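# Coordinates in review
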Amino acid sequence: MLASAYTGGVTRVTFEGRTVEYRSLDELGRAIAALYGAENATARRPGVTLASFTRNA
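As a convention, each chain's residues are numbered from 1 in the sequence order in which they are written. Totals for whole chains, interfaces and linings use all residues, but because this is a predicted model, local features are given only for residues with pLDDT of at least 70 and pairs of side-chain atoms are given and counted only at 80 or more. Derived side-chain values reflect all non-hydrogen atoms in the structure, with water molecules and hydrogen atoms excluded from consideration.

### Digging into the overall build of the protein chain
Condition: Helix and strand assignments come from DSSP, with helices taken as H or I runs of at least 4 residues and strands as E runs of at least 2, each series counted from the N terminus. Throughout this description, buried means an accessible area under 20% of the type-specific maximum (1.4 Å probe, protein chains only), exposed means over 50%, and partly exposed covers the range between. Methods summary: accessible areas were calculated by the Shrake-Rupley approach with a probe of 1.4 Å, and residue burial reflects only the protein chains presented.
In terms of helices and strands, the protein chain carries two helices and two strands. For the protein chain, the succession of helices and strands along the chain, N to C, is α-β-β-α. Per-residue burial for the protein chain yields a buried fraction of 12% across its 57 residues. Entry remark: accessible area of the protein chain is about 5,300 Å², with carbon and sulfur atoms responsible for 54%.

Below you can see the structure in the form of structure tokens.
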């Protein structure tokens, strides 16, 4: 939705009955970058696995 507004040169976005008007395309671009960064930060978190071994002798 935001990307479509940005590429269309529109600064007013309506989604699910809510409307936000950005002051400029630059501000809209910063909002897109912030959302993209937050989304990718979650996806990049590495998983942690603890392996434990015992030797029965």
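Having put the structure on the table, let's press on.
### Focus on the side chain of E27
The condition that has to hold: Pairing of N or O atoms within 3.5 Å defines a polar contact, subject to two protein rules: one partner must be a possible hydrogen donor and the other a possible acceptor, and residues neighboring in sequence count only if both atoms are side-chain atoms.
With respect to the helices, strands and loops of the structure, E27 is situated in helix α2 (residues 25-44). At a separation of 2.5 Å, a polar atom in the side chain of E27 contacts the main-chain amide nitrogen of R23.

### A short note on the nonpolar core
How we decide: Buried Ala, Val, Leu, Ile, Met, Phe, Trp, Tyr and Cys residues form a nonpolar core when they are joined through side-chain atoms within 4.5 Å. Should any heavy atoms of two residues lie within 4.5 Å, those residues are considered in contact.
Formed by L2, A5, V13, Y22 and L28, the largest nonpolar core amounts to five residues. Sequence-distant contacts of V13, that is, excluding residues within four places in its chain, are made with M1, L2, A5, R18, T19, V20 and Y22.

### Focus on the environment of G9
Along the chain, the position of G9 falls in the loop between α1 (2-8) and β1 (12-15). Using a relative accessible area of 45% as the deciding quantity, one classes G9 as partly exposed.

### Let's talk about the pairing of β1
Heads up, the condition is: For two strands to be treated as a pair, DSSP must find no fewer than two bridges joining them.
Taken together, the four bridges between β1 and strand β2 (residues 18-21) define a ladder with antiparallel strand orientation. Looking across to β2, one finds that T14 is bridged to T19. The hairpin formed by β1 and β2 contains two residues between the paired strands, and E16 there has a positive phi angle of roughly 50 degrees.

### A word on the pattern of salt bridges
Going by this rule: Each reported salt bridge corresponds to a side-chain nitrogen of Lys or Arg within 4 Å of a carboxyl oxygen of Asp or Glu.
All told, the structure shown has three salt bridges when counted by the stated rule. The partner of R12 in a salt bridge is E21, and the shortest N-O contact between them spans 2.7 Å. Owing to a relative accessible area of 48%, E21 belongs among the partly exposed residues under this scheme. With a closest N to O distance of 2.3 Å, D26 and R30 form a salt bridge. Placement of both D26 and R30 in helix α2 is noted, with a separation of four residues, approximately one turn of the helix.

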